[in-house]
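Residues per chain are reported as follows:
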Amino acid sequence: MVAKTYDYLIIGAGLFGATIAERAHRAGKSVLVIDKRNHIAGNVYTENQHGINVHKYGAHIFHTDYEDVWQYVNQFATFNHYINSPIAIHDGVVYNMPFNMNTFSKIWHDVITPADAMRHIEAERQAITHTPRNLEEQAISLVGRTIYEILIKDYTEKQWGRPCAELPASIINRLPVRLTYDNNYFNDKYQGIPIGGYTKMVEKMLSNIEVQLNTDFFHDKVKYQSLAKHLVYTGPLDEYFNYQLGELEWRSLRFETETLEESNHQGCAVVNYTDHTTNYTRVIEHKHFEYSTQPNTIITYEYPAAYQKGAEKYYTINDDKNNQLADSYRKLARQESNVIFGGRLAEYKYYDMDDVIKKALDTVID
Ligand code: FAD
Ligand code: UDP
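Below or above, wherever it landed, is the structure these notes cover. All values derive from a computational prediction rather than experimental measurement.

### Describing the overall build of the protein chain
Piece 1. A tally of helices and strands in the protein chain yields twelve helices and 16 strands.
Piece 2. Taking 2.2 N^0.38 as the reference for a compact globule, 366 residues should give roughly 21 Å; the C-alpha atoms of the protein chain span a radius of gyration of 22 Å, in line with that estimate.
Piece 3. If you line up the protein chain on its principal axes, its C-alpha atoms span 75 × 50 × 35 Å.
Piece 4. Put simply, 71% of the contacts in the protein chain that link residues at least 6 apart link residues at least 24 apart.

Given below as structure tokens:
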């Protein structure tokens, strides 16, 4: 390849990289995007299989409270009216998620009103009299032990591979607790799925921008660093520095996908399995994200997995040990004056899609 100077070299064609690329290109900058995978869109990649958009790296539901993010993404896709309302199955019994009046009335048969639910929850919350120090205490202080044991404990321990008493409380704060009969998993003002899939949306963001796939930055770091004035790095934070301070920990996943000769397998896009007898945490039925009407269906089992070298790094593990190490790497990152570190992997943050886009929209392009 003939060396060419770009204003921006963007490492990673996920949402952070694609948003910066789109903005820089629109500002008249020359941009090259590289990705080591054989496709764009990072973890929001969807693949059309027999008319069904399969979320290849797990279920992705777009939701945001940021006006600017919502306006931004709507330039590249039309979003449908999908509202995530997963169900949870524990020992063969179905419960509504997130924790709301439908859940409470199923668990406690005398619950009809919010006051009835509060009576049960308050009585159980009393067990925690101090500021919660871990996820178990946080969960019990939020919803009480009964719900903790049916809907949280086993799911969380499968998901993270550690006892709840050894996990940071912050993980559970993502889930709403509501005293209304409302099964919407999110509180945000805007929600939906891009019609036609996320890949199509990212394709539009990257239109007229040079993209090289199957290209790993670390295979020739020196060459890539010399190609552009600014680097945007969206890979793992510790890898950029060759793990010189030690390795950050991650949680991985394994997906098993099947095509079934039936039109509707589980009646819901996302079903959580919250008991320990089932090894997977979730089953996704992709067609329900876009109300597809095919005669067959595609489902994916999601199995949490320990991270092993070469696997995908899906989740950051934001406990004290890893946060401190990430902080030390962030100090090094600040010294790299022409490199922007952004996104879930490069910031080592448990970001949702909208957080990643917000960060990219707030990044100065010069
Ligand atoms: P990524 O999408 O990971 O993109 C980084 C890219 O960089 C990748 O394509 C990678 O191949 C590339 N790369 C890395 N290293 C190199 C290298 N050395 N050279 C070249 N390329 C490299 N968010 C929501 O808002 N709603 C949801 O419902 C939701 N569900 C999720 C479900 C799961 C199972 C997971 C794991 C996450 C979910 N998220 C969800 C979060 C969402 O996936 C992320 O916030 C978002 O995709 C992060 O975008 P990113 O650009 O930071 O990273
Ligand atoms: N969680 C749970 N039971 C459920 C779903 C989630 O206990 O049925 C907990 C679990 O600890 C999980 C956290 O809530 O890690 C956040 O869940 P969310 O669905 O937001 O996670 P993600 O989609 O990021 O995997």
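### Observations concerning the site of ligand 1
Piece 1. Taken together, 32 residues sit near ligand 1, with Asp-35, His-60, Ile-61, Tyr-351 and Met-353 positioned nearest.
Piece 2. Contact distances for ligand 1 include 3.1 Å between a nitrogen atom and a backbone N or O atom of Phe-217.
Piece 3. Taken by itself ligand 1 offers 1000 Å² of open surface, and the protein chains cover 96% of this.
Piece 4. Here the residues of the shell around ligand 1 are counted per class, giving 16 nonpolar, ten polar and six charged.

### Regarding the site of ligand 2
Piece 1. Around ligand 2, a shell composed of 17 residues is seen, among which Leu-151, Thr-156, Tyr-185, Tyr-315 and Tyr-350 lie nearest.
Piece 2. Contacts to ligand 2 include Trp-160, whose side-chain N or O atom sits 2.9 Å from an oxygen atom.
Piece 3. For ligand 2, an oxygen atom lies 2.6 Å from a polar atom in the side chain of Tyr-350.
Piece 4. Protein chains shield 94% of the accessible area of ligand 2, which is 520 Å² for the free molecule.
Piece 5. It is helix H6 (residues 145-160) that contributes the most residues to the shell around ligand 2, six residues altogether.
Piece 6. In terms of residue class, the shell around ligand 2 is built from eleven nonpolar, four polar and two charged.

### Examining unusual backbone geometry
Piece 1. At the junction of Met-97 and Pro-98, the peptide bond is cis and its omega measures out at -10° in the coordinates.
Piece 2. One can find Pro-98 in the loop between strand E7 (93-96) and helix H3 (101-107).
Piece 3. A positive phi angle, near 50°, is found at His-50, a position not held by glycine.
Piece 4. If you trace the backbone, His-50 turns up in the loop between strand E3 (46-49) and strand E4 (52-55).
Piece 5. At Asp-91, a residue that is not glycine, the phi angle is positive and equals roughly 45°.
Piece 6. Relative to the helices and strands, Asp-91 is located in the loop between strand E6 (87-90) and E7.
Piece 7. On the basis of relative accessibility, which here comes to 54%, the residue Asp-91 falls in the exposed class.

### Description of the pairing of strand E10 (residues 228-233)
Piece 1. Pairing between strand E1 (residues 6-11) and E10: five bridges, direction parallel. Counterpart to Tyr-6 in the pairing with E10 is Ala-228.
Piece 2. Bridging between E10 and strand E16 (residues 339-341) involves three bridges; their strand directions are parallel. Across the sheet, the residue bridging to Leu-231 is Val-339, located in E16.

### A few points about the environment of Gly-197
Piece 1. Examined against the element boundaries, Gly-197 turns out to sit in the loop between strand E8 (190-192) and helix H7 (198-205).
Piece 2. Discounting residues that sit within four places of it in the chain, Gly-197 has contacts with Thr-46, Asn-53 and Glu-290.

### Considering the packing of helix H1 (residues 15-26) against H7
Think of two packed helices as two axes; the pair is described by the angle between the axes and how far apart they sit.
Piece 1. In contact at an axis separation of 9 Å, H1 and H7 are set at 30° when each is read in the N-to-C sense. Classified by the interaxial angle, the pair formed by H1 and H7 is roughly parallel. Note on element contacts: H7 touches H1 through Met-201, Val-202 and Met-205, opposite Leu-15, Ala-18, Thr-19 and Glu-22.
Piece 2. Residues of the contact of H1 with H7, tallied by class, amount to five nonpolar, one polar and one charged.

### Remarks on the packing of helix H5 (residues 135-143) against H6
Piece 1. Two numbers describe how H5 lies on H6: the axes approach to 9 Å, and their chain directions differ by 145°. Relative to H6, the crossing made by H5 is right-handed. Facing Leu-135, Glu-136, Ala-139, Ile-140 and Val-143 of H5, the residues of H6 in contact are Arg-145, Ile-147, Tyr-148, Ile-152 and Thr-156.

Definitions and cut-offs
- Residues numbered from 1 in each chain as written.
- Chains lettered and ligands numbered in written order.
- Predicted model: local features only at pLDDT ≥ 70, side-chain atom pairs only at ≥ 80, totals over all residues.
- Heavy atoms only, no water.
- Helix = DSSP H or I, 4+ residues; strand = E, 2+ residues; numbered from the N terminus.
- Rg over C-alpha atoms; globule rule 2.2 N^0.38 Å.
- Contact = heavy atoms within 4.5 Å.
- Near = heavy atom within 4 Å.
- Polar contact = N/O pair within 3.5 Å; in protein donor to acceptor, adjacent residues only side chain to side chain.
- Areas by Shrake-Rupley, 256 points an atom, 1.4 Å probe, with all protein chains shown as cover.
- Nonpolar A, V, L, I, M, F, W, Y, C, P; charged D, E, K, R; others polar.
- Buried < 20%, exposed > 50% of the residue type's maximum accessible area, 1.4 Å probe, protein only.
- Pairing = 2+ DSSP bridges.
- Axes fitted to C-alpha atoms, helices over the stretch in contact; angles between N-to-C directions.
- Parallel < 35°, antiparallel > 145°, perpendicular 65-115°, else oblique.
- Left-handed = near helix turned anticlockwise from the far one by under 90°.

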